[in-house]
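These are the residues of each chain, in order.
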Amino acid sequence: MGDGDDGPPDQVRRLVLHGTRGVVSRCRDFTAEALADWGWIPADSEEAAERVEDVLLLVSEVVTNACLHAGGPEEFVLRNGRGRLRVEVSDASPEHPRVRVPRSPALPGGHGLMVLDLLAAEWGSRDKERGAVGKVVWLEVGRPPRRSTGD
């Protein structure tokens, strides 16, 4: 996301987190509030409403993964700009997510990364800034086109 891109600069919201109790619902509520402030909610079309639900599901998945596999998230960041929403979850584990052998969708658990592959435009992970232990898992979702007001 460099200079010269169309649109206003990113709008950023950060939530510092400790532990795992209630953190998934906290991050979902935080995201819903930000999406409302940024005009994603109320959705102006069925496609836009589905995209909001996808975002909330993706937030649940990445935060749950941080709770299950990394001792819990430390920071949750939302970046809205240039037609995309970027979600970042940082934790203290240096272990990056790995796609496991595909499992039957009928079996419980182990589907978080499959959900990311299906619903996120892009996702990945990177090491934290130099000198910090851990990683940041990120995903991006495109904002659905706005309905024209002339309908």
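Residues numbered from 1 in each chain as written. Predicted model: local features only at pLDDT ≥ 70, side-chain atom pairs only at ≥ 80, totals over all residues. Heavy atoms only, no water.

Draft legend 1. Representation of the layout of surface pockets in the model. Size it by volume and the second largest pocket reaches roughly 160 Å³. Lining the second largest pocket are Arg14, Glu74, Glu75, Val77, Arg79, Glu88, Val89, Ser90, Arg126, Lys128 and Val136. Secondary-structure elements contributing two or more residues to the lining of the second largest pocket are strand 2 (73-81) and strand 3 (84-91). With four residues, the single largest contributor to the lining of the second largest pocket is strand 2. Its residues placed into classes, the lining of the second largest pocket shows three nonpolar, one polar and seven charged. (1 Å grid on protein atoms, 1.4 Å probe; cavity = no way out; pocket = protein on both sides within 12 Å on 5 of 7 lines; lining within 4 Å. Points joined across faces, edges and corners; volume = space filled by probe spheres on them. Helix = DSSP H or I, 4+ residues; strand = E, 2+ residues; numbered from the N terminus. Nonpolar A, V, L, I, M, F, W, Y, C, P; charged D, E, K, R; others polar.)

Draft legend 2. Layout of the side chain of glutamate 88. On the secondary structure map, glutamate 88 appears in strand 3. Within polar-contact distance, the side chain of glutamate 88 engages the side chain of arginine 86 at 2.8 Å. Ignoring any residue separated from it by four or fewer positions in sequence, one finds glutamate 88 in contact with Glu75, Phe76, Val77, Arg79, Arg126, Val136, Val137 and Trp138. (Polar contact = N/O pair within 3.5 Å; in protein donor to acceptor, adjacent residues only side chain to side chain. Contact = heavy atoms within 4.5 Å.)

Draft legend 3. Broad picture of helix 2 (residues 46-69). Here helix 2 spans 34 Å end to end across 24 residues, near enough to the 34 Å set by a 1.5 Å rise per residue. Where helix 2 ends, the next residue or the one after it, glycine 71, has phi of about 75°, a positive value. (Expected span 1.5 Å × (residues − 1).)

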